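Understanding the architecture of this molecule
Each chain is listed here by its residues.
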Amino acid sequence: MFGDFPKPLAVTVGDVVGSYYYSHRRLETMLYEAGASGDVPEGNCVDKVTNWLVREGRDDVSKSFSILGNLIEDIMDGEVPSWEPEKKLNARKRITEALARYQLSYGFGGRILGAHSVTAPSKAFGEALKEFSVSEVEEEFERAVRFIESDPAAAVTAACAIVEALCKHYIATEGLELPSNQTVKPLWVVVAKHLKLSPEQLEDDDLKRVLAGLSSIIDGIGAFRTHAGSAHGQHKRTYKVAPRHARLVVHSAHSLCLFVVETWKERKKSDTGRLKV
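Residues numbered from 1 in each chain as written. Predicted model: local features only at pLDDT ≥ 70, side-chain atom pairs only at ≥ 80, totals over all residues. Heavy atoms only, no water.

**Remarks on the nonpolar core**
- Membership of the largest hydrophobic core comes to 44 residues, with the highest contact counts inside it found for Phe-125, Val-137, Val-163, Trp-188 and Leu-256.
- Within the residue set of this core, elements represented by two or more residues are α6 (120-132), α7 (135-147), α8 (152-173), α9 (184-194), α10 (205-228) and α11 (243-276).
- The dominant element in this core, judged by the number of residues it contributes, is α8, at 12 residues.
- Excluding anything up to four places from it in sequence, Val-137 contacts Phe-125, Leu-129, Ile-162, Ala-165 and Leu-166.
- One finds Tyr-21, Ile-75, Leu-104 and Ile-112 within the second-largest nonpolar core, a separate group that totals 33 residues. (Core = buried A, V, L, I, M, F, W, Y, C linked by side-chain atoms within 4.5 Å. Buried < 20%, exposed > 50% of the residue type's maximum accessible area, 1.4 Å probe, protein only. Helix = DSSP H or I, 4+ residues; strand = E, 2+ residues; numbered from the N terminus. Contact = heavy atoms within 4.5 Å.)

Written out as structure tokens, the structure is:
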């Protein structure tokens, strides 16, 4: 989601934290304890916090969000003093609003929810979707990423919806017939057959094994959503879904969908070339 630490967010955090503590020595100690490294940036307290977060984000954006979480933990989790409650409450409000602008939130214990959920395949998938303007899939993609940490079951549901939305978009765009059962497995069967991704349509044994794995992913995503996701209520076989489980499901869905989009793109390119000839 983030290539660098967002500068406007760093400015707001710098203003809030720098003004809240307003002590160079204390801020420097806090930042080092939060995980910051390197020389102390020049400037006043506000600039120091801002520039440190931005600098750390250039090297490792995930680390910069971890530093942020540690840095604001006392403001967000600490007891509100009875003699000056407005100061801490206002600081919390500004930080919460600043995070929300980037679809982030604060979780107890210094966690920045939504900041550590996207890896390279997911980013690539997001870029590929922009080219195809698949708004339904983009919406589900954002929802899945947003809920991995805060609501893993919802992320599982969204991951399945990602695949379903892309399959429906493909079927509609290519003028294919929708299956009567529009759950993820029947939708995938139609798409895979048309894109020639069904194992039985190939001669290469190694590729057959890989594509058979795609079918297994579809089966797993659909079953996991039914048993553990948020869309089907309580099931007699329940799972306690952890963020790591949701991350596995979401990333599996992203990898599969990215492969579909890239294969679709290559087929369109090939078809266009044949028409020109």
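**Some remarks on the side chain of Glu-164**
- Following the sequence through the fold, Glu-164 ends up in helix α8.
- Residue contacts for Glu-164: discarding those within four places in its chain leaves Thr-183, Val-184, Leu-187 and Arg-225.

**Things to note about the packing of helix α2 (residues 24-34) against helix α3 (residues 45-59)**
- Running from N to C, α2 and α3 point in directions that differ by 15°, and their axes come no closer than 10 Å. In terms of orientation, α2 lies roughly parallel with respect to α3. Read as a crossing pair, α2 and α3 show a hand that is right-handed. Note on element contacts: α3 touches α2 through Cys-45, Lys-48, Val-49 and Trp-52, opposite His-24, Leu-27, Glu-28, Leu-31 and Tyr-32.
- Looking at the contact of α2 with α3, its residues break down into 6 nonpolar, 1 polar and 2 charged. (Axes fitted to C-alpha atoms, helices over the stretch in contact; angles between N-to-C directions. Parallel < 35°, antiparallel > 145°, perpendicular 65-115°, else oblique. Left-handed = near helix turned anticlockwise from the far one by under 90°. Nonpolar A, V, L, I, M, F, W, Y, C, P; charged D, E, K, R; others polar.)

**Re the environment of Arg-143**
- For Arg-143, the position within the fold is in helix α7.
- Arg-143 gets classed as partly exposed once you look at its relative accessible area, which sits at 27%.
- Once the C-alpha coordinates of Arg-143 and Ala-161 are considered, the two residues, 18 residues apart in sequence, prove to be 10.0 Å apart.
- Beyond its immediate stretch of four places on either side in the chain, Arg-143 contacts Ala-154, Ala-158 and Ala-161.

**Some points on helix α1 (residues 7-21)**
- The terminal C-alpha atoms of α1, which comprises 15 residues, lie 21 Å apart, in line with the 21 Å expected from a rise of 1.5 Å per residue.
- Looking only at α1, the buried set comprises Leu-9, Ala-10, Thr-12, Val-13, Gly-14, Val-16, Val-17, Gly-18, Tyr-20 and Tyr-21.
- Each element contacted by the buried residues of α1 is listed here: α2, α3, α4 (61-77) and α5 (85-100).
- Downstream of α1 by a residue or two, Tyr-22 has a phi angle that is positive, lying close to 50°. (Expected span 1.5 Å × (residues − 1).)

**Brief notes about α5**
- In this model, α5 (16 residues) spans 23 Å end to end at C-alpha, consistent with the 22 Å of a helix rising 1.5 Å per residue.
- All buried positions along α5 are accounted for by Lys-88, Ala-91, Arg-92, Ile-95, Ala-98 and Leu-99. The arc enclosing the buried residues of α5, seen along the axis, measures out at 135°, which places them on a common side.
- On the buried face of α5, the contacting elements are α1, α4, β1 (105-107) and β2 (111-113). (Arc of directions from axis to C-beta.)

**Observations regarding the pattern of salt bridges**
- Across all of its chains, the model carries 8 salt bridges by this definition.
- Salt-bridge contacts for Lys-93 lead to Glu-97; the nearest nitrogen and oxygen are separated by 2.7 Å. One end of the pair, Lys-93, and the other, Glu-97, are both in helix α5, 4 residues apart, so they sit about a helical turn from each other.
- For Glu-97, a relative accessible area of 39% corresponds to the partly exposed category.
- A salt bridge links Asp-219 to Lys-185, with the shortest nitrogen-to-oxygen separation between them at 2.9 Å. Within this pair, whereas Asp-219 is found in helix α10, its partner Lys-185 is found in helix α9, the two being separated by 34 residues in sequence. (Salt bridge = Lys/Arg side-chain N within 4 Å of Asp/Glu carboxyl O.)

**What about unusual backbone geometry?**
- Backbone geometry places Tyr-22, a non-glycine residue, at a positive phi of 50°.
- One can find Tyr-22 in the loop between α1 and α2.

**Details of the environment of Leu-129**
- For Leu-129, the position within the fold is in helix α6.
- Residue Leu-129 is classed as buried on the basis of its relative accessible area of 0%.
- Leaving out residues up to four positions away in the same chain, Leu-129 has contacts with Val-134, Val-137, Glu-138 and Val-261.

**Notes on the side chain of Lys-88**
- Along the polypeptide, Lys-88 turns up in helix α5.
- Relative accessible area serves as the criterion here: at 4%, Lys-88 is assigned to the buried category.
- A distance of 3.3 Å separates a polar atom in the side chain of Lys-88 from the backbone oxygen of Asp-74.
- In contact with Lys-88, not counting residues within four places along its chain, are Tyr-20, Asp-74, Ile-75, Gly-78, Glu-79, Val-80 and Pro-81. (Polar contact = N/O pair within 3.5 Å; in protein donor to acceptor, adjacent residues only side chain to side chain.)

By themselves, these figures tell us nothing about what the structure is for.
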